[in-house]
Amino acid sequence: MYDEIFNMTVIQRDARLRKTLAAFSVGVFAGLCIHSPFHPAAQADEPTVSSSRMKLEYPVSRRDEIVDNYHGREVSDPYRWLEDVESDETAAWVEAENKVTQSYLQSLPQRETMRARLEALWDYSRTGLPAKRGDTYFYTFNDGLQNQSVLYRTPTDVPPSQWEANREVLLDPNNLSEDGTMSLASWVPSEDGKYLAYAIADGGSDWRTWRVRDVATGKDTDDLIQWSKFSGISWTPDGDGFYYSRYAEPAEGEELTGTNDNQMMYLHQLGTPQSEDKLVMKRPDHPKWGFGGSVTEDGRYLVISNWKGTEPKTQVFIQDLTIDDAPVRGLIMGFDADYSFVGSEGSTLYFLTDHEAPRRRVISLDVAEHAKRTDDNVDEPADRAGWEEVIPQSEHVLEHVSLLSEVFFANYLADALNQVERFSLDGSPMGPLELPGKGSVGGLGGRQDSTETFFSFTNYVTPPSIHRVDVATGESELAIMPEVAFDVSQYTTEQVFCTSKDGTKVPILITRHKDAPMDGSNRTLLYAYGGFNISLTPSYSPGIAGWLDAGGVYAVANLRGGGEYGREWHEAGMQLKKQNVFDDFIAAAEHLIDMGITSRERLGVRGGSNGGLLIGAVMTQRPDLFGACLPAVGVMDMLRYHKFTIGWAWVSEFGSSDDETQIDNLLSYSPLHNLKPGTCYPATMVTTADRDDRVVPGHSFKFAAALQAAQSCDNPVLIRIETRAGHGAGTPTSKKIDEYADLWSFLLENLK
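Every residue gets a number counted from 1 within its own chain, in the order that chain's sequence is written. Predicted model: local features are reported for residues with pLDDT of at least 70 only, side-chain atom pairs are reported and counted for 80 or more only, and whole-chain, interface and lining totals are derived from all residues. To get the side-chain values, take all heavy atoms of the structure and skip hydrogens and water.

Asker: Explain the side chain of Ser-500 to me, and be specific about the residues and the numbers.
Answerer: The helix count covers DSSP runs of H or I at least four residues long, the strand count covers runs of E at least two residues long, and both are numbered beginning at the N terminus. Looking at where Ser-500 falls in the secondary structure, it is placed in the loop between strand S32 (491-499) and strand S33 (505-513). A polar contact is formed between the side chain of Ser-500 and the side chain of Arg-560, at a distance of 3.5 Å. Here a residue-residue contact requires only that any non-hydrogen atoms of the pair lie within 4.5 Å. Setting aside chain neighbours within four positions, we find Ser-500 in contact with Val-506, Arg-560, Asn-580, Asp-583, Asp-584 and Ala-587. Residues adjacent in sequence count toward polar contacts only when both atoms are side-chain atoms; beyond that, a polar contact is any pair of N or O atoms within 3.5 Å, and within protein one must be able to donate a hydrogen and the other to accept it.

Right, here's the structure in full:
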């Protein structure tokens, strides 16, 4: 799910980076059962597990008498000590919890069989979308069970069918660490293909270390960029440097928990130390602002996307690179809508925007006169009178647009399924791009002078295939189709719609074996996200294939809060309307039961990040509705989430406990604060990682401790804490297989 796709414009990457900041009953906290203080010696005794329904011996979690006053509401926080993820006491607690969890999981008879099957399903070759620079294709390839995909280069005169025989390793991240936890997080070739800038992530952290490799020799230069986060890079046209963004070096001990403020943009010149990089933009008067730069392909302008938090509203700055020391000037100001740079023709810039178009359109504006100004009014925007509509809003959401050889490739989303249309430079329709079926399309990027482009196609039972497109004619051909050890012909995907509490229709995609009975007997996993304007579209996963292969049904609900139907759909699941997301999910679960797909006892639910919050909220609101719950890397403490790393950026999505008008709403669904002692909660396995610096693991630690204390029945409540891993991206293949084996074995044991 985290395959590297880099043949897109830098600003498209920035739009995705903004989304990755996420990537994520009424009443105050009731108090939890009191336990004796945690003692590290408790971990010495190996817990005994003979059945999933027998009461487990959980580690003792110390409770402190901490009470906060939120605008007159007193709220207990007894497990706050678990927020200190670097302390010895927390480390001992993690070790003790993992011992209980692993003892339980290793006792499950189906686990080893499941792991072996997952390993077979993962063992297929996977090729990433190519990026063409100069006379070279750059792309990633994984032979199946490699922990990290390898970056290769191949001459552009070699057809895809012969890439394997003519490729050369450019960078193999598997050589960077013995356990596979050092990953290639980003890579961007220079415009002429002579250099490669690449970013390494250590153990899943969001921090990136950038280096530069000479493509011809395969050796790294002395260039080194540190403390970069939530940033792509954009090469200068002559390849002698690149623009990037970074934060100040964090205080010692706060690398994974400290707040990320005051992002700065720099220009790095090859062959010089980072200390000599030229500061392009910083705004200490607006510490929450972040920046992503893109140089137009003619080298004329630097276009800077300016974001604040995860709300899809941006400003745009511009710098005329033809004038020495030209100021960075505001172009589109006000944070009134989202503006993503698509491309340029001379002084005309094209943007994808939801300004006056909640399902998005493409506009153009001429920036010549505004960019040349040298006065001090740098925040004064350009006149909007000259804006022109190029591609109007349609009935479907316009997700991405690329400009190639004066042809726009517009990727739309219709009921969570992609459709691609082509338009001329003046916006005249040129017809659709024929797709292999119903599913998800990625790619369609490249330089503006490209005569070819590539796209990937996938759905829940189709592994990603790569297709080559002739830009002039729009004709496509299959380039690469992987072979998997999974008979996709035996499975079917159907889309149904359920009705939420307020009458809203919510789509659900259900994938199952063609012969699955409709008598409520199917073990079913319902997955959703519901936030940050992120759309869930069909994609193949060997992990999900393993669940289907074991007889399970896989359902995905497209909840409000996502981006499936545009800005209004997103806003209907934000802040004071967040309960709509939970109502949509509950309606989807009830619909699966009413259809005869499954029953309450056989329904499992899963979500990650904002989706982990979702699972935590619905299991506290409706513990009677689910047989098992799998909240992953979730935002579980809605009162303190904004105090760590990039959490402040989610305030536009959730609201903040600092705001008295928001506090009651946050308390009404905050998973940590709605656990009620004496309640029988479903079998639950919380998952997180010790180096997650997006949603810090303290969220899951506190929730798991509180849930174990509140549980009144023998349903297991476990927490699985991965080591040397983060929020998900870059996780080694071996760790993914182990995790899915644990997840599916847990479900098979408890959905009976």
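Asker: Got a sec to walk through the sheet that holds S33? Specific residues and values, please.
Answerer: Two strands qualify as a pair provided that DSSP identifies no fewer than 2 bridges between them. Ordered by their spatial adjacency, eight strands build an open sheet running S32-S33-S35-S34-S36-S37-S38-S39, and the pairing between neighbours is mixed. Every interior strand has two partners, whereas the edge strands, S32 and strand S39 (717-722), have only one. Between one strand axis and the next, the sheet turns through 20° on average, direction left out of account. Axis geometry follows a simple rule: fit a line to the C-alpha atoms, using only the stretch in contact for helices, then measure angles between N-to-C directions, giving values from 0 to 180 degrees. Against the sheet, helix H7 (residues 579-595) makes contact with S32, S33, strand S34 (524-527), strand S35 (553-557) and strand S36 (603-608), and its axis sits at roughly 120° relative to S32, the strand it touches most.

Asker: Residues and numbers for the state of the cysteines, please.
Answerer: Any pair of cysteine sulfurs within 2.5 Å is marked as a disulfide. A full pass over the atoms with the stated rule returns one disulfide. Here Cys-680 pairs with Cys-713 through a disulfide, and the sulfurs are 2.1 Å apart. Disulfide Cys-680 to Cys-713: torsion about the S-S bond roughly 80°, handedness right-handed. One end of the pair, Cys-680, is in the loop between helix H10 (660-669) and strand S38 (683-689); the other, Cys-713, is in the loop between helix H11 (698-710) and S39, and 33 residues separate them in sequence. Burial classes follow relative accessibility: with a 1.4 Å probe on protein chains only, a residue under 20% of its type's maximum area counts as buried, one over 50% as exposed, and anything between as partly exposed. A relative accessible area of 37% places Cys-680 in the partly exposed class. Here Cys-498 stays free of any disulfide, with the sulfur of Cys-629 as its closest cysteine sulfur at 18 Å. Classification of Cys-498 as buried rests on a relative accessible area of 2%. For the unlinked cysteine Cys-629, the closest cysteine sulfur is that of Cys-680, found at 11 Å. Exposure remark for Cys-629: the relative accessible area of 0% places this residue in the buried category.

Asker: Summarise the nonpolar core; cite the residues concerned and give the values.
Answerer: For the purposes of this section, nonpolar cores are sets of buried Ala, Val, Leu, Ile, Met, Phe, Trp, Tyr and Cys residues that join through side-chain atoms within 4.5 Å. One finds Leu-526, Phe-585 and Trp-744 to be the most contacted residues of the largest nonpolar core, which totals 117 residues. Each residue touching Phe-585, except ones within four places of it in the same chain, is listed here: Leu-526, Tyr-527, Ala-528, Leu-559, Val-605, Leu-614, Ile-615, Val-618 and Phe-626. In terms of nonpolar packing, the next biggest core, distinct from the first, is built from 18 residues, Val-316, Leu-349, Phe-351 and Leu-365 among them.

Asker: I'd love a proper account of the side chain of Ser-541, names of residues and values included.
Answerer: Within the secondary structure, Ser-541 is located in the loop between S34 and helix H5 (542-549). For Ser-541, a relative accessible area of 7% puts it in the buried group. From its side chain, Ser-541 meets the backbone nitrogen of Gly-543 in a polar contact 3.1 Å long.

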